[in-house]
Amino acid sequence: MAEVITVTALNRYVKALLDGSDLLYDLALRGEVANFVRNAKSGHCYFTLRDSQCSVKAVMFRSDAQRLAFRPEEGMRVVVRCRVTLYEPSGAYQVYVNAMFPDGIGEAQLALEQLKARLQAEGLFAPEHKKPLPAFPQTIGLVTSRTGAALQDIKNVIGRRWPAVRLLLCPVSVQGFDAAQEVADAIGVLDRHGVDEIIVARGGGSREDLWVFNAECIARAAFRCRTPLISAIGHEIDYTILDFVADCRAPTPSAAAELAVPDREALRRQLWELRENIQGNMQKRREICYNNCKAYRDALAGGLPRRQVQAGRAQLEALCQALRKGSRACWKEKSRQLAHAAALTATLNPYQVLARGYAMVAGADGKVLQAGQLEAGQTIRLIAAHRQARCLVTAVEETDASTQNV
């Protein structure tokens, strides 16, 4: 029969085995830094070393951390001098780091940067492809875990801010090998269902836990999505490729819910202010109308319109008299001008000259002839006021000016 031992004895035995190994006591280990945290109070550093397949917890105590010549960053590849041991209280297998040296960027981080650069070159991050969020959505699709805290946070915030909206959950796994394709398929399903907007959410976690949302299939599903999509992955400091492709990025699931729906309390305040403004404007217009009516009433009571009519009638009568007087004067003046013009015209009438005993010389055709047009042998007509005479010109002689004046 197997010997029965306690958990403490087991952990102590395994720790002794690890500590007793010369190979594991002073080991050079290469890996990629993830989830690096420096405890502000103790000064100890806690992080994970990983490669493309596995990871291990690591601790660097303050005395060793003070000798670091650089600050470890997320995704940085390093080489550490360490010893492998077991932390007895929790049975956690981990490495205690004595020294750390940078060794370039890690494989996973390098692949992520390359994917990010390729998607950006294809235009998946371009601002012109971002769709605006609807102001008053009626149905919101949720892509998240059915049992996660993110779902409850979103439901609580939306229930408080805009409870009239309908939530449609498409549950998925948010970590694991199949999670990426599940999330991508869920985005497509909700997009075809015709919701007003989609929220892809996951609560906080380690960088490895959130790594699934860096998958290319999720990024392309979000880019193809015709429905406005909000990304809410992890906490404010966490960024994934989905955050760059989504139409809007929220730092937390609760913040995504605030972005997705309006605040009914804020709208209620706006409506109240609008009602107050309308009532104030109506009161001002009423006062203006009341003052105008009062002024008209006072004017009627004082006989002002009657006096204005009488004054206008007297002014009109005076204008009429002035118009009649002016018309008569103008008529007389025009009549005088006409008589003068008629008299002047009469003096220029050739028949008046003929009436005084003169005669005109005309040709046989009746056209008036000038003296220079007369020729010997020409038949002419002498036209007087009341008689005409047909004559024959026997001779045409030049006369002296002195003879004409005699």
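Owing to the predicted nature of the structure, the values given are computational and were not obtained by experimental measurement. (Residues numbered from 1 in each chain as written. Predicted model: local features only at pLDDT ≥ 70, side-chain atom pairs only at ≥ 80, totals over all residues. Heavy atoms only, no water.)

Notes on the nonpolar core
One recurring pattern in soluble globular proteins is that nonpolar side chains are buried together. Stated precisely, the cut-off is as follows: The term nonpolar core refers to a set of buried residues drawn from Ala, Val, Leu, Ile, Met, Phe, Trp, Tyr and Cys, joined through side-chain atoms within 4.5 Å. Per-residue accessibility, obtained with a 1.4 Å probe over protein chains only, is compared with the maximum for each type, and a residue is labelled buried under 20%, exposed over 50%, and partly exposed between these values. A run of H or I in DSSP counts as a helix once it spans at least four residues, and a run of E counts as a strand once it spans at least two, with each numbered from the N terminus. Whether two residues touch is decided by their heavy atoms; if any such pair falls within 4.5 Å, the residues are in contact.
Among the nonpolar cores identified, the biggest contains 35 residues, and Val143, Ile187, Val200, Phe213, Ile218 and Leu229 are the most heavily contacted of them. Every element with two or more residues in this core is listed here: helix 4 (107-121), strand 7 (166-171), helix 6 (179-193), strand 8 (197-202), helix 8 (216-224), strand 9 (229-233) and helix 9 (241-245). Examining the composition of this core, we find that seven residues originate from one element, helix 6, more than from any other. Ignoring anything within four residues of it in the chain, the contact list for isoleucine 187 reads Val143, Ile198, Val200, Ile218, Ala221, Ala222, Cys225 and Leu229. Counting residues in hydrophobic clusters, the runner-up holds 20 residues, among them Ile158, Ile230, Ala256 and Ala260.

Things to note about the pattern of salt bridges
What counts, and what does not: Between Lys or Arg on one side and Asp or Glu on the other, a salt bridge is scored when a side-chain nitrogen of the former is within 4 Å of a carboxyl oxygen of the latter.
Under the criterion given, the structure shown has 18 salt bridges. We note a salt bridge from glutamate 32 to arginine 50, for which the minimum N-O separation is 3.0 Å. On the criterion of sequence distance, the pair formed by glutamate 32 in strand 1 (residues 27-38) and arginine 50 in strand 2 (residues 45-50) is long-range, its members being 18 residues apart. Neither residue differs from the other here; glutamate 32 and arginine 50 are each classed as buried.

A short note on the pairing of strand 2
Just so we agree on the cut-off: Between any two strands, pairing holds if DSSP finds at least two bridges.
Across the six residues of strand 2, five count as buried, placing the element largely inside the fold. Note: strand 1 against strand 2, five bridges, orientation antiparallel. Bridge assignment links alanine 34 to a residue of strand 2, and that residue is threonine 48. Counting the residues in the hairpin turn of strand 1 and strand 2 gives six residues, including glycine 43, whose phi is positive at 85°. If you look at the hairpin formed by strand 2 and strand 3 (residues 55-60), you'll find four residues sitting between the two strands.

Focus on the sheet that holds strand 8
Each strand in a sheet pairs with its neighbour through backbone hydrogen bonds, running either in the same direction (parallel) or in the opposite one (antiparallel). Our working definition: A fitted line through C-alpha atoms serves as each axis, taken over the contacting stretch for helices, and the angle formed by two N-to-C directions is quoted from 0 to 180°.
Taken in spatial order, the five strands make up an open sheet running 7-6-8-9-10, and their pairing is parallel. The sheet is open, and its two borders are formed by strand 7 and strand 10 (248-249), each paired with just one other strand. As paired elements, strand 6 (residues 139-144) and strand 8 share four bridges and run parallel to each other. Residue pairing for strand 8: leucine 142 is matched across the bridge by isoleucine 199. Sheet strands in contact with helix 6 are strand 6, strand 7, strand 8 and strand 9, and its direction is about 170° off that of strand 6.

Quick notes on the UniProt feature "domain: Exonuclease VII large subunit C-terminal" (unreviewed entry) in the chain
Quick note on the threshold: UniProt positions are given in the numbering used here, feature names are shortened, and annotations may be inferred rather than shown by experiment.
When the UniProt feature table is mapped onto this chain numbering, "domain: Exonuclease VII large subunit C-terminal" (unreviewed entry) sits at residues 124-325. End-to-end, the C-alpha atoms of residues 124-325 are 92 Å apart, and along that stretch the chain is 56% helix and 12% strand.

Regarding helix 6
Inclusion rule: In this analysis, the expected span of each helix is defined as 1.5 Å times one less than the number of residues it contains. Directions pointing from the helix axis toward each C-beta atom define the arc.
Between the first and last C-alpha of helix 6 there are 21 Å, a value that for 15 residues agrees with the 21 Å anticipated at 1.5 Å per step. For helix 6, the complete set of buried residues consists of Ala179, Ala180, Val183, Ala184, Ala186, Ile187, Leu190 and Asp191. Each buried residue of helix 6 sits inside an arc of 160° when the element is viewed along its axis, so together they form one side. Packing partners of the buried residues in helix 6 comprise strand 6, strand 7, strand 8, helix 8 and strand 9. Two residues or fewer after helix 6 comes glycine 194, characterised by a positive phi angle close to 90°.

With respect to the sheet that holds strand 12 (residues 379-383)
Strand order in the open sheet formed by three strands is 11-12-13, and the pairing between neighbours is antiparallel. One side of each edge strand has no neighbouring strand; the edge strands of this open sheet are strand 11 (360-363) and strand 13 (388-392). Geometrically, the sheet is characterised by an average inter-axis angle of 30° between neighbouring strands, direction not taken into account.

A short note on unusual backbone geometry
Peptide bonds are mostly trans, and most non-glycine residues show a negative phi. Of note in the backbone geometry, asparagine 35 takes a positive phi value of approximately 55° without being a glycine. Its place among the elements puts asparagine 35 in strand 1.

Concerning the packing of helix 5 (residues 149-161) against helix 10 (residues 253-260)
Packed helix pairs are specified by the crossing angle of their axes together with the interaxial distance, meaning the distance between the axes. The cut-off we apply is this: Rotating anticlockwise by less than a right angle from the far helix to the near helix defines a left-handed crossing, while the corresponding clockwise rotation defines a right-handed one. The nonpolar class holds Ala, Val, Leu, Ile, Met, Phe, Trp, Tyr, Cys and Pro. Asp, Glu, Lys and Arg form the charged class, and all remaining residues, Gly among them, are polar.
Relative orientation of the contacting elements helix 5 and helix 10 amounts to 35°, with a least axis distance of 8 Å. For the pair helix 5 and helix 10, the sense of crossing is right-handed. Along the contact surface, helix 5 presents Ala150, Asp153, Ile154, Val157, Ile158, Arg160 and Arg161, while helix 10 presents Pro253, Ser254, Ala257 and Glu258. For the contact of helix 5 with helix 10, a count of residues per class yields six nonpolar, one polar and four charged.

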